[in-house]
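Inside the fold
Residue strings, one per chain:
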Amino acid sequence: MKLDDKALKEKYDHFMLKEILEQPAVLRDTIDDRIRPGVGGKSIDLGEMNLDAEWLAQVHNIYIAACGTSYHAGLVGKYAIEGLTGIHVEVDLASEFRYRNPLLGDKTLVVVISQSGETADTLEAMRMAKEKGARILAVVNVEDSTIPQEAHHVLYTRAGVEVAVASTKAYVTQLAAMYLIAGYFAQQLNTIPRGEIDAIASALKEIPEKTEEAMGLSWSMRGLAPSLASKSSCFYTGRCLDYPVAMEGSLKLKEITYIHATPYAAGELKHGTLALIEEGVPVVAVATQEHVYDRMYGNLQELIDRGAYTIGVTCEGNNALGEIVDRAVHVPKTLLSPIVSVIPLQFLAYYTAVEKGTNIDKPRNLTKSVRHE
Ligand code: M6R
């Protein structure tokens, strides 16, 4: 390790841990001055994007294109934008988007998400969409990187420099950006009542505090790590908004522990994957979506009946999950659940990697910015 790396890491053993713990602060930086007090409640100010309401009102459809963790942020973005604006949103892996024939035109908005602003597939997907007449909104962390220079509109996340290859703090700021954009579009288009804009803006304002509370889960996740480290494979599951969180949690685990970890939408388990469940197979279940609690419990019971070792992540106040799963952890309640529910999963991956002694900040075969196809 270089001396300056050591200094930058301060007291932490790894950049990844430092970056997980920085999440409340970077969320505050990303959100705070974009929420304004207004008549009838708080409002969202993204005037910096220069996306005029008149053009927005004509938008037929929105595509979100990104890779890896940024793609998972896009999946949450679809829920937020569709839910608040009623505009149809499709989310694509940038590496697929650029080679298919998406329906693009001058009434299409393409949102590209990239921490580095340099990912080759995302950049080429953006160029292709731009050439076909679509407008591009780039959500990027690194200022003056290539993607924002070529996009029509830009929203910067403010996660600061992320050193660990496994993205954590950049990811939660991308999620915050998705909710900011969804709320801002809804506000510009008047698609939801004023009170709902205030509710989203207030939830965004409070989210740094909620993530601070979630940091307290570090110890319980650390306790689960030794047994997970001895396994060769693991599953993650969830429904609706919890499914992208399960995808992100499983990516974190495989990236830094090299344990095979696959995410499944809970309702899909019985369509094949259940065959892989036997005594002691770990399953991490994210269950923060109240309207599908009962369906999740049913899915979990099927896993438990086949011997799975289940770890559940749910919201404070939901004690029912704890009665079903082997270990339950509770995250603070918020409208923006993906931002808090991913935190225990980041800790679980991190401490499992510590147990395994892998190269956490620079996992084998991976680089921070994938500039080549
Ligand atoms: O810089 P980008 O956000 O465009 O990078 C995309 C992916 O390469 C990246 O998110 C990758 O999946 C992370 N290492 C995951 O932790």
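Scroll up for the structure.
The present account deals with the structure reproduced in this document. (Residues numbered from 1 in each chain as written. Predicted model: local features only at pLDDT ≥ 70, side-chain atom pairs only at ≥ 80, totals over all residues. Heavy atoms only, no water.)

**A closer look at the overall build of the protein chain**
For the protein chain, the count of helices and strands is 15 helices and twelve strands. In terms of C-alpha radius of gyration, the protein chain reaches 20 Å, essentially the compact-globule figure of 21 Å for 373 residues. In the protein chain, which comprises 373 residues, the share counted as buried stands at 58%. Put simply, 75% of the contacts in the protein chain that link residues at least 6 apart link residues at least 24 apart. Of the accessible surface of the protein chain, which amounts to about 15200 Å², a share of 49% is contributed by carbon and sulfur atoms. (Helix = DSSP H or I, 4+ residues; strand = E, 2+ residues; numbered from the N terminus. Rg over C-alpha atoms; globule rule 2.2 N^0.38 Å. Buried < 20%, exposed > 50% of the residue type's maximum accessible area, 1.4 Å probe, protein only. Contact = heavy atoms within 4.5 Å. Areas by Shrake-Rupley, 256 points an atom, 1.4 Å probe, with all protein chains shown as cover.)

**Brief notes about the sheet that holds strand S3 (residues 61–66)**
Across the sheet, which stays open at both edges, the five strands sit in the order S4-S3-S5-S6-S7 with parallel pairing between neighbours. Two strands in the sheet have a free side with no partner beyond their single neighbour: strand S4 (88–93) and strand S7 (153–156). Adjacent strand axes in the sheet meet at a mean angle of 20°, parallel and antiparallel pairs treated alike. Contacting S3, S4 and strand S5 (108–114), helix H5 (residues 68–85) crosses the sheet at an angle of about 170° to S4. (Pairing = 2+ DSSP bridges. Axes fitted to C-alpha atoms, helices over the stretch in contact; angles between N-to-C directions.)

**Side note on the sheet that holds strand S8 (residues 233–238)**
Across the sheet, five strands lie side by side as S9-S8-S10-S11-S12; this open sheet has parallel pairing. In this open sheet, the two edge strands, each paired with only one partner strand, are strand S9 (260–265) and strand S12 (327–331). Direction aside, the axes of adjacent strands within the sheet are offset by 20° on average. Relative to S12, helix H11 (residues 218–229) is tilted by about 145°, and along the sheet it contacts S8, strand S10 (282–287), strand S11 (309–315) and S12.

**Things to note about the pattern of salt bridges**
What the rule picks out here adds up to 18 salt bridges. For Asp-32, the salt bridge identified is with Lys-205, shortest N-O distance 3.5 Å. Note that Asp-32 is positioned in the loop between helix H3 (23–31) and strand S1 (35–38) and Lys-205 in helix H10 (residues 194–214), a separation of 173 residues in sequence. The exposure class assigned to Lys-205 is partly exposed, which follows from its relative accessible area of 35%. For Arg-36, the salt bridge is made with Asp-45, and the minimal N-O distance between the two is 2.7 Å. When its relative accessible area of 39% is taken as the criterion, Arg-36 is described as partly exposed. With a relative accessible area of 26%, Asp-45 lands in the partly exposed category. One salt-bridge network, held together by shared partners, links Lys-18, Glu-22 and Lys-169. (Salt bridge = Lys/Arg side-chain N within 4 Å of Asp/Glu carboxyl O.)

**Examining the pairing of S7**
In regular strands, side chains alternate between the two faces of the sheet. Burial of S7 is two-sided: the residues His-153 and Leu-155 facing one way and the residues Val-154 and Tyr-156 facing the other way are all buried. Pairing geometry for strand S6 (residues 135–140) and S7, over four bridges, is parallel. Residue pairing in the sheet places Val-140 in a bridge with Tyr-156 of S7.

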